[in-house]
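# Notes for the structure review
Residue-level listing of the chains:
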Amino acid sequence: MKAQFKYICNIVWVSLIIAIHPMNAQQSIGPEHRYELGSKINEMTLTLGGVLVVATNDGLVGIKPSEEHPVFTFNNFGRLKPEETEFIPGSPYVIVSQGAGSKLAGISKTKRAVIDYVSGRVIFNSEADQWNQVYTCNVILPQNKLIISGIQKVGDKFEKMTPKVAVYDLSSSTLDYSFFLDKPGRVGMAKDFSVTGTPLLLKEFLIIPTAQGLIAKSHDGKELWTAKIKNVSKMIADASENEIYGFEAVNAGKNTRIHKIDKNGKALWDDDRKIKGTVSKFEILPQGLAVVSNKSSGGDTSVFATKDESEIAFLSAASGEDLWDKAPKTKGYIQHFYVMEDGILFGIQSGGINKISFDGKPLFKKPLKTGENILIMAHSPQGLIYITSEDANIVNLATGESVWKKPLKYKNSASVASTFDTENDRYLIAAANKIYAIDANSGDVSELTQIKFEEKEAANTIDIRDDNIFLAASQNMMLLGKEGKEIYHSYHKAPGKSGFMKVVGGVVAAASLVATASTALAAGANNNGIGTNNLRNYNDYGKEAKRASEMFASISDASFKMMSQRFKATSATKDAQFILTKIGKNVGLVKVNKDTGNIEKEIILNNKKPEYKVDDYGGYLFYQATDKSIFTYNLNE
């Protein structure tokens, strides 16, 4: 009887939809796949690879929406806390840890596992390989290796209690080689051989930073040399891999020491170089070493407190001595940092842009004063274009002088969007509820039109579509003619504050991950992860997917190839936008055409505060239908 009543209700609901909307309007679609997980869902993470990783009371489950069954289920460690899962940027890997953060981590058993969430393979499981304690677990890219340190219960009684390092190949899930950090059964005072930072994997050998110093091993585990440089947290090699820099945090992490050795472990500087703050960027250049460090007051408000700002130093690669008589003033944290042919260009988060030659002389006639939060610094045919939350301008890259007659200033805006209109040779900037048009050649500024989005939203997207101007925010979409005349304004009411916050966190997740993928891979290729600095052309912004696809393709592994193909394909949001909104008395997701503003599809979610994720690149909705089930909807069909 209940089933029959439910069936009748469904018929009535469908009839209402047909009555309200024409037959050629939007299509209401149902779930493509239903996944019954059998355990309470605690958290959902949409990954770079388009796989939803779900944390349940039993463990982790991976859902690939194109497949009927979960791509993997990992219940070996039971329920996991959020801090016990680490998604490795720019990769298909998630590291699962248990017991690593415990106060008894050095005594009690710790567990680690590495899962390829794209293929569903468990690449490494400490229990399967008899690791009783795992101290560190590092994924090394683009070499695609895993380096483990800890205690492995293999061998005789002395070997079972001696710290060890193992290197695994992530593609084949096999052990390359392993070695002990100390001699098993050594007589004498016990020594701490804990690994203090990320190992440096080079073409000819591997360097492990430990509490006793640096230990270099060949790729078959043979010891090559040791150096008594202790507690190094990060290392960088030059392009030849003949010179290596080590970074040691001192003064409770407030400051840094930089060491330099050759490939045989011999010190190349008479003394280490002391840097105030923590090093955030490090560039090895033909002219010397560019170092950016961030100082922090730690919340101290006294007049003697350290200032919250960045420092730039330029060191001699030969001696470590400072090559500049006077470092440039920053008065804030460096947000942008670029190495140019004639010097270093940098932008400050609190406002300001400057350029310094490699010998420490100012290249701009005077530091540029800008608004705070520099969103874009990029090459343009006319010079350096910058866009902040308060102003925009193009300046001469050699002198810093304004190319435009004067900077474009607007009310401080939480969201500023910009694009280049090639057909009309102009920049378009949407800020403070206005669209400004700036002639690329003359720099003349005109206010094209005012825009009013419902719910006081600010446009966070502006694009050119067939010579028309497309604008969008979370709940609003608008298309204007090239002169600024409105063609349509499509608004879909937010289902409440909680729903709005979820649409921000859910729908844009994949796009934001793509934006960081190429940076993460490039950093790995440079053996650092401290900073990759290249001033892009303005029109290269928004092409992160292409760069990520190319870098994924460069790694010889099936899962990386699949990720490369994913971002080589056209984004599901190229011609449509997904919006969470009210549909009658319910909440649902609508797919809205960018050219017409019409709803193409709608999905009704029987929940006023739905838990969901949208892969805006692949075109799938993941919806938590119950506390134990996930439904997926194909938004492409």
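For the structure, check the block above.
These lines cover the structure that appears in this document, whether it is placed above or below.

### Overview of the overall build of the protein chain
Within the protein chain one finds five helices and 46 strands. Scored against the burial criterion, the 637 residues of the protein chain give a buried share of 52%. Partitioning the contacts of the protein chain with sequence separation of at least 6, the portion at a separation of at least 24 is 43%. Total accessible area on the protein chain is roughly 30,300 Å²; 50% of this is exposed by carbon and sulfur atoms.

### Considerations on helix α5 (residues 558-568)
Along α5, the residues classified as buried are Ser-559, Phe-560, Met-563, Ser-564, Arg-566 and Phe-567. For α5, the angular spread of buried residues about the axis comes to 160°, placing them on one side. Pointing more than 90 degrees away from the buried face of α5 are the exposed residues Ala-558 and Lys-568. A distance of 3.0 Å separates the backbone nitrogen of Ser-559 from a side-chain oxygen at the start of α5, and that oxygen is part of Asp-557.

### Remarks on unusual backbone geometry
The omega torsion of the bond from Leu-141 to Pro-142 falls at 5°, within 30 degrees of zero and hence cis. As for its placement among the helices and strands, Pro-142 is situated in the loop between β11 (131-140) and β12 (145-152). Backbone geometry at Asn-144 places phi at a positive 60°, although glycine is not the residue there. Looking at where Asn-144 falls in the secondary structure, it is placed in the loop between β11 and β12. Residue Asn-144 is classed as buried on the basis of its relative accessible area of 3%. Phi is positive for Lys-331, close to 55°, though the residue is something other than glycine. Tracing the backbone through its elements, the reader meets Lys-331 in the loop between β25 (309-315) and β26 (334-339). When its relative accessible area of 66% is taken as the criterion, Lys-331 is described as exposed.

### What about the packing of helix α4 (residues 544-553) against α5?
Here α4 crosses α5 at 160°, and the two axes come no closer than 8 Å. Considering the angle they form, α4 stands roughly antiparallel to α5. Seen from above, α4 lies across α5 with left-handed handedness. Counted together, Ala-545, Ser-549, Phe-552 and Ala-553 of α4 and Phe-560, Lys-561, Met-563, Ser-564, Phe-567 and Lys-568 of α5 form the full contact between these two elements. Here the residues of the contact of α4 with α5 sort into six nonpolar, two polar and two charged.

### Looking at the sheet that holds strand β23 (residues 278-285)
Across the sheet, three strands lie side by side as β23-β24-β25; this open sheet has antiparallel pairing. Edge strands, defined here as strands with exactly one partner in the open sheet, are β23 and β25. Ignoring strand direction, the axes of neighbouring strands in this sheet form an average angle of 15°. Both strand β24 (residues 288-295) and β25 contribute to a ladder of seven bridges, which runs antiparallel. Bridge pairing in β25 places Val-292 opposite Ile-312.

### Concerning the environment of Gly-253
Along the chain, Gly-253 falls in the loop between β20 (243-250) and β21 (255-262). Gly-253 sits 25 residues away from Thr-278 along the chain, and the two C-alpha atoms are 7.2 Å apart.

### A short note on the pairing of strand β18 (residues 223-227)
With four bridges connecting them, strand β17 (residues 213-218) and β18 associate as antiparallel partners. Each bridged residue has a counterpart across the sheet, and for Ala-216 the counterpart in β18 is Trp-225. Between β17 and the antiparallel strand that follows it, β18, lie four residues; Gly-221 among them carries a positive phi value of about 90°.

### Structural notes on the packing of aromatic side chains
Taken as a whole, this structure holds 17 aromatic pairs when the rule is applied. Consider the rings of Phe-314 and Trp-324, whose centres lie 5.5 Å apart with planes at 10°: the pair is stacked. Here Phe-314, found in strand β25, pairs with Trp-324, found in the loop between β25 and β26; they are 10 residues apart in sequence, far enough to count as distant. Trp-324 matches Phe-314 in its accessibility class, with the two residues each being buried. A connected cluster of aromatic rings, assembled from ring pairs, spans Tyr-93, Phe-552, Phe-560, Phe-567 and Tyr-617. Looking at Arg-34, its charged tip hangs above the ring of Phe-631, at a distance of 4.6 Å from the centre.

### Describing α4
Listing the buried residues of α4 in full gives Glu-544, Ala-545, Ala-548, Ser-549 and Phe-552. One side of α4 holds all its buried residues, which, seen down the axis, span an arc of 135°.

### As for the side chain of Arg-112
By the element assignment, Arg-112 lies in strand β9 (residues 111-116). This buried residue, Arg-112, is left without a salt bridge; Glu-86 holds the nearest opposite charge, at 6.3 Å. Reaching out from Arg-112, the side chain makes a polar contact with the side chain of Ser-97 at a distance of 3.2 Å.

Conventions we followed
- For every chain, the first residue of its written sequence is number 1, and the numbers climb from 1 along that sequence.
- In keeping with the model being predicted, local features are shown solely for residues with a pLDDT of at least 70 and side-chain atom pairs are shown and tallied solely at 80 or more, while totals for entire chains, interfaces and linings include all residues.
- Heavy atoms from the whole structure form the basis of all side-chain values; hydrogens and water molecules are not counted.
- For the purposes of this entry, the term helix denotes a DSSP run of H or I that reaches at least four residues, the term strand denotes a run of E that reaches at least two, and both are numbered from the N terminus.
- For every residue, the accessible area obtained with a 1.4 Å probe (protein chains only) is divided by the maximum for its type, and the residue is called buried under 20%, exposed over 50%, and partly exposed between those limits.
- In this description, contact between two residues means that some pair of their heavy atoms is separated by no more than 4.5 Å.
- Each accessible area value is a Shrake-Rupley result obtained with a 1.4 Å probe; residue values ignore everything except the protein chains displayed when judging cover.
- Along the arc lie the directions from the helix axis toward the C-beta atoms.
- We call two N or O atoms a polar contact when they sit within 3.5 Å, provided that within protein one can donate a hydrogen and the other can accept it, with sequence-adjacent residues counted only if both atoms are side-chain atoms.
- For helices, the fitted line uses only the C-alpha atoms of the stretch in contact; every axis is such a line through C-alpha atoms, and the angle between N-to-C directions lies from 0 to 180 degrees.
- An angle below 35 degrees is read as roughly parallel, one above 145 as roughly antiparallel, one from 65 to 115 as roughly perpendicular, and any other as oblique.
- Definitions for this section: a left-handed crossing has its near helix turned counterclockwise from the far helix by less than a right angle. A right-handed crossing has that turn clockwise.
- Put simply, Ala, Val, Leu, Ile, Met, Phe, Trp, Tyr, Cys and Pro go in the nonpolar bin, Asp, Glu, Lys and Arg in the charged bin, and everything else, Gly too, in the polar bin.
- We treat two strands as partners when DSSP finds at least two bridges between them.
- Between the rings of Phe, Tyr and Trp (Trp by its six-membered ring), a pair exists once the centres lie within 6.5 Å; its type follows the angle of the planes, with under 30 degrees stacked, over 60 edge-to-face, and the other angles tilted.
- A ring has a charge above it when a Lys NZ or an Arg CZ is no more than 6 Å from the ring centre and no more than 35 degrees off the ring normal.
- Positive charges are assigned to Lys and Arg, negative charges to Asp and Glu, while His and the chain termini are left out of the count.
- A side-chain nitrogen of Lys or Arg and a carboxyl oxygen of Asp or Glu constitute a salt bridge if their distance falls within 4 Å.

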